[in-house]
Structures are given as C-alpha cells and as structure tokens.
Amino acid sequence: MIRRFIRHKVDDAGSSGSLNDLSFLLIIFFIVIAGFNVNKGFLLNLPSKDKPVTVNCNDIMKCSLCADGTLILDGDVVTLETLSKKISEKISMWPNMTFLLVINPDTSYQNVVDVISYIRKLKVENFSFRMEKPEE
C-alpha cells in the first residue's frame, strides 16, 4: 500500500482581501481623525513673569458677573448690548483700556464663556478676569 501525501497550498495571508480591507479602513480612520480640531478654546496672551504690566486706574473698566448671569457695570445691571456700547465708547476715549471681569464662583460655566466670547468679538486687546473672593 502506497500512501501519497498530498500537499495543499497554503494561502498567503497578504493575498487575502481581509487585510486589504483592514488597511483601507485604518487609512480612512486616520484621515477622518486628522480633520477634527481638538484645540478649541480661548487663546489668551498671558503676561510674562519677567515684565509685570502696570495699568492706569482710569484705563480699567470693571464689570461683575453674578451667579444668576447678570452683568453689573458701575452699580447698574446691563445687558450684553449695553455693555458693547459702553466698551466702544471707552475704547474710543482710552485705546489702552483694560476690561476686568470679576466672576462670582457660583456662576455657571456657560455664562462665563458667553461673556468672554462676546468681549473677544469686540476686539478688546487687554482683557483680564478673576474669581470673586468668597465672603467670610
């Protein structure tokens, strides 16, 4: 009795379509991911530690953002539109005006972002904000 060993050809893994499909999907995945812009936010120019900035008191426009989202400027409650007019007037008088926003710690994040983005649209060059100190 003679036995013959039949050798079957082993398919090369590179010739299969599944690896081609996988590589195509990976390429598409990286192309799509590269299109997302993750760095969204506010780009603020921070002063250097070596050169402290001195600001004239007359050039500061101080506005408070309360916990309920209302804006207080010079003791009066103002809307964003009114604030826009007052900022434009102040910039025409003092081009180096600094806008200071004092934020209540209980203010919602969205209100803060809305006000900051609105001020940035007005092209205020010197912008500063700080959290209000809690009362003790």
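This text goes with the structure placed above it.
K.L.:
Lay out the packing of aromatic side chains with the relevant residues and their values.
P.N.:
This model, assessed by the stated rule, comprises one aromatic pair. On the numbers, 5.4 Å between centres and 65° between planes, the contact of F29 with F30 is edge-to-face. In this structure F29 comes out as partly exposed when scored by relative accessible area, which is 46%.

K.L.:
Lay out the nonpolar core with the relevant residues and their values.
P.N.:
Looking at soluble globular proteins, one finds that nonpolar side chains tend to be buried together. Core analysis: the largest hydrophobic core is formed by 18 residues, its most contacted members being C63, L71, L83, I87, F99, L101 and I119. At the level of secondary structure, the elements contributing two or more residues to this core comprise β1 (60-65), β2 (71-73), α2 (80-93), β4 (98-103) and α3 (109-121). Considering each element in turn, this core owes the most residues, four residues, to α3. In this structure, I87 is in contact with M61, M97, F99, I119, L122 and V124, ignoring residues within four places of it in sequence.

K.L.:
Account for the pairing of β4, naming residues and giving values.
P.N.:
Across the six residues of β4, six count as buried, placing the element largely inside the fold. Of the two faces of β4, the one lined by T98, L100 and V102 and the one lined by F99, L101 and I103 are each fully buried. By the bridge criterion, six bridges tie β1 to β4 in an arrangement that is parallel. Within β4, the position partnered with I60 by the bridge is T98. Looking at chain direction, β4 and strand β5 (residues 126-131) are connected through six bridges and run parallel. Note that in β5 the partner of F99 across the bridge is F127. Each parallel crossover has a hand, and for β4 linked through α3 to β5 it is right-handed.

K.L.:
Lay out the packing of α2 against α3 with the relevant residues and their values.
P.N.:
For the pair α2 and α3, the least separation of the axes is 11 Å and the interaxial angle reads 35°. Our pair here, α2 against α3, has a crossing hand that is right-handed. Between α2 and α3, the residues in contact are L80, E81, L83, S84 and I87 and V115, Y118 and I119, respectively. Here the contact of α2 with α3 is composed, by residue class, of six nonpolar, one polar and one charged.

What counts as what
Residues numbered from 1 in each chain as written. Predicted model: local features only at pLDDT ≥ 70, side-chain atom pairs only at ≥ 80, totals over all residues. Heavy atoms only, no water. Phe/Tyr/Trp six-rings, centres within 6.5 Å; stacked < 30°, edge-to-face > 60°. Buried < 20%, exposed > 50% of the residue type's maximum accessible area, 1.4 Å probe, protein only. Core = buried A, V, L, I, M, F, W, Y, C linked by side-chain atoms within 4.5 Å. Helix = DSSP H or I, 4+ residues; strand = E, 2+ residues; numbered from the N terminus. Contact = heavy atoms within 4.5 Å. Pairing = 2+ DSSP bridges. Right-handed = clockwise from strand over helix to strand, strands pointing away. Axes fitted to C-alpha atoms, helices over the stretch in contact; angles between N-to-C directions. Left-handed = near helix turned anticlockwise from the far one by under 90°. Nonpolar A, V, L, I, M, F, W, Y, C, P; charged D, E, K, R; others polar.

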